[in-house]
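Chain by chain, the residues run as shown.
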Amino acid sequence: MIALLNYGAGNVGSVLKAVQHLGCSAEVIDKPESLRAAEKVIFPGQGHFGSMMRALEERRLLNPLRDLLAGGTPFLGICLGLQALYEASDEAPEAPGLALLPGRVARFQGVFKVPHVGWSQLEIRSRSGLFRGVADGSFVYYCHSYYGRLPKESSSVTHYGQTFAAGVEMKNIWAVQFHPEKSGEVGLKVLGNFLSS
């Protein structure tokens, strides 16, 4: 089963439609026992970092999610679902992240407009997984005020005032800052690469 993790604020409906468009079935889940049964997990995060982490804890989803990540279950984080992989975020300094990536998520500074909303280009550093068949310089759709700094696991980056992680890949854990479900054919290709992995 492909599980779409619903913690109460994610962009689950659009992601589900994109998965179905690609010919796959998925279930929207919000209970720990359902999450434990997942063969693949997509985490479409949206909203506030602290509220997301609290909602995962309150719904008893946080520990099963940690177990799946550690156990090798394929995982795709989207937007806030990528930021959750860091140690913490300046958006909610008191709320710990999953700490699978080093450092803190930071707010954009010194740019014309925050949030960063719209189409920006990818600089692809690895085409072995998520970005297989995706051309360097492709445009994808963003909507975020905070960004993840560049870990060594970055497989693509985007420039918007700062250079930030657009995609990360580490073993079974993949994540993107942009919204593949809103990024046209490029986004569907990225999502399809995960579904076929």
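Residues numbered from 1 in each chain as written. Predicted model: local features only at pLDDT ≥ 70, side-chain atom pairs only at ≥ 80, totals over all residues. Heavy atoms only, no water.

**Side note on the overall build of the chain**
Phase 1 of the analysis: When helices and strands are tallied, the chain shows six helices and 13 strands.
Phase 2 of the analysis: Taken over the C-alpha atoms alone, the chain extends approximately 45 × 40 × 25 Å along its principal axes.
Phase 3 of the analysis: For the chain, buried positions account for 55% of its 197 residues.
Phase 4 of the analysis: Sequence separation of 24 or more characterises 69% of the internal contacts of the chain that already satisfy a separation of 6 or more.
Phase 5 of the analysis: Within the structure as shown, the chain displays about 8,400 Å² of accessible surface, and the carbon and sulfur contribution to it stands at 50%.
Phase 6 of the analysis: Here the chain contributes 19 positively and 17 negatively charged side chains, and the mean placements of these two sets differ by 2 Å. (Helix = DSSP H or I, 4+ residues; strand = E, 2+ residues; numbered from the N terminus. Buried < 20%, exposed > 50% of the residue type's maximum accessible area, 1.4 Å probe, protein only. Contact = heavy atoms within 4.5 Å. Areas by Shrake-Rupley, 256 points an atom, 1.4 Å probe, with all protein chains shown as cover. Lys, Arg positive; Asp, Glu negative; His and termini not counted. Charge placed at Lys NZ, Arg CZ, Asp CG, Glu CD.)

**Side note on the confidence of the model for the chain**
As a general rule, the predicted coordinates of low-pLDDT regions are not to be interpreted in detail.
Phase 1 of the analysis: In this model, the chain carries a mean pLDDT of 95, and residues with pLDDT of at least 70 account for 99%.
Phase 2 of the analysis: When pLDDT is averaged over each helix and strand of the chain, the minimum, 93, is found for helix 2 (residues 32-36) and the maximum, 98, for strand 13 (residues 173-176). (pLDDT = per-residue confidence, 0-100.)

**Quick word on unusual backbone geometry**
Phase 1 of the analysis: The omega torsion across Val 114 and Pro 115 is 10°, close enough to zero to call that bond cis.
Phase 2 of the analysis: Locating Pro 115 in the fold gives a position in the loop between strand 6 (101-107) and strand 7 (116-121).
Phase 3 of the analysis: Of note, the phi angle at Arg 60 is positive, near 60°, even though the residue is not glycine.
Phase 4 of the analysis: As for its position among the elements, Arg 60 is in the loop between helix 3 (49-58) and helix 4 (62-71).
Phase 5 of the analysis: Positioned with a positive phi, Cys 79 is a non-glycine residue whose angle comes to about 55°.
Phase 6 of the analysis: By the element assignment, Cys 79 lies in strand 4 (residues 75-79).

**Details of the sheet that holds strand 8 (residues 123-124)**
Phase 1 of the analysis: Taken in spatial order, the eight strands make up an open sheet running 2-1-3-4-13-12-11-8, and their pairing is mixed. Here the strands that pair on one side only, and so sit at the sheet edges, are strand 2 (27-29) and strand 8.
Phase 2 of the analysis: Strand direction decides the pairing type here: strand 3 (residues 40-45) and strand 4, joined by five bridges, are parallel. Looking at strand 4, one finds that Gly 45 is bridged to Cys 79.
Phase 3 of the analysis: The strands that helix 6 (residues 184-195) touches are strand 1 (2-5), strand 3, strand 4 and strand 13; relative to strand 3, the one it contacts most, it runs at about 145°. (Pairing = 2+ DSSP bridges. Axes fitted to C-alpha atoms, helices over the stretch in contact; angles between N-to-C directions.)

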